[in-house]
Amino acid sequence: SPAEGRVGKSTVSAGLAVALAQMGLRVGLMDADVYGPNIPRMFGVFEKPPVIGGKIQPIEAHGVKLMSLGFLIDRDAPAIWRGPIIMKITQQFLRDVAWGELDYFIVELPPGTGDAQLSLVQSVPVSAAIIVTTPQEVAVGDALRGARMFERVNVPVLGVVENMAVHVCSHCGHAEHLFGAGGGERVAREYGVPLLGALPLDIRIREQADGGTPTVAAD
């Protein structure tokens, strides 16, 4: 789900993975966002994964098998990664992790349209991409660039998820479009794919993520 940073890629990836696991499906979630590996915090797990028989064992939480650079480096380590390193990390997470048999393998990608995306599509047959955006115009532009990149490498785009679509005041219930309105719909319409859903800007989503339980599991 390529987009510029801070649009909620982790929130959507984690929620989708947990929802599929709750349906009884075997799900792996690979956090390939080396610039901001947020999946460990969102799932509330920080231990280093064991290595058995030369294979890294994914950490399991909320029924999902997880792998993230956040498990392997210090939480305050600076995220300065060059292209070849990003591609090597992506390859290692695909090749050297004991994922086992999975029904769904979800990959959260870094912002932009660069090395991690290229490495992924060169390494495995990617079934489809989901674009995550916010209503802001700058995010809409990034989302369209991401969709076109997947088109160039023959990966179909399933649709668009708009995050932070509307803020509802927890005290008075007033709804307000803090970041504008309809950005996700514009991306979906321009690219000719469905708007899969819109998520609110809700303090509980942030609290649950910070507390280590994705909203789908918590509520």
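This one's a predicted model, so the numbers in the text were calculated from it and none came from an experiment.

Enquirer: Break down the overall build of the protein for me, with residues and values.
Expert: Scanning the protein from terminus to terminus reveals eight helices and eleven strands. Sorting the 219 residues of the protein into buried and exposed places 42% on the buried side. Contacts in the protein between residues at least 24 apart in sequence constitute 74% of all its contacts with a sequence separation of at least 6. With an accessible surface of roughly 11,000 Å², the protein has 54% of that area assigned to carbon and sulfur atoms.

Enquirer: Run through the environment of glutamate 162, naming residues and quoting values.
Expert: Among the secondary structure elements, glutamate 162 is positioned in strand E8 (residues 157–162). Accessibility expressed as a relative area gives 6% for glutamate 162, which makes it buried.

Enquirer: Can you break down the sheet that holds strand E6 (residues 104–108) residue by residue, with the values?
Expert: Sheet architecture is open: four strands sit in the order E4-E5-E1-E6, paired in mixed fashion. Of all the strands in the sheet, just strand E4 (59–61) and E6 have a single pairing partner and so form its edges. Taking the axes of each pair of neighbouring strands and ignoring which way they run, one obtains an average angle of 25 degrees across the sheet. Packed on one face of the sheet, helix H1 (residues 9–22) meets strand E1 (27–31), strand E5 (64–68) and E6 and runs near 170 degrees to E6.

Enquirer: With reference to specific residues and values, describe the sheet that holds strand E7 (residues 129–133).
Expert: Here we have three strands laid out as an open sheet, ordered E7-E8-E11, and parallel in their pairing. In this open sheet, the two edge strands, each paired with only one partner strand, are E7 and strand E11 (195–198). Averaged over all pairs of adjacent strands, the angle between their axes in this sheet comes to 20 degrees, without regard to strand direction. The sheet contact formed by E7 and E8 spans five bridges and is parallel. Across the sheet, residue isoleucine 130 finds its bridge partner in E8, namely glycine 159.

Analysis parameters
- Residues numbered from 1 in each chain as written.
- Predicted model: local features only at pLDDT ≥ 70, side-chain atom pairs only at ≥ 80, totals over all residues.
- Heavy atoms only, no water.
- Helix = DSSP H or I, 4+ residues; strand = E, 2+ residues; numbered from the N terminus.
- Buried < 20%, exposed > 50% of the residue type's maximum accessible area, 1.4 Å probe, protein only.
- Contact = heavy atoms within 4.5 Å.
- Areas by Shrake-Rupley, 256 points an atom, 1.4 Å probe, with all protein chains shown as cover.
- Pairing = 2+ DSSP bridges.
- Axes fitted to C-alpha atoms, helices over the stretch in contact; angles between N-to-C directions.

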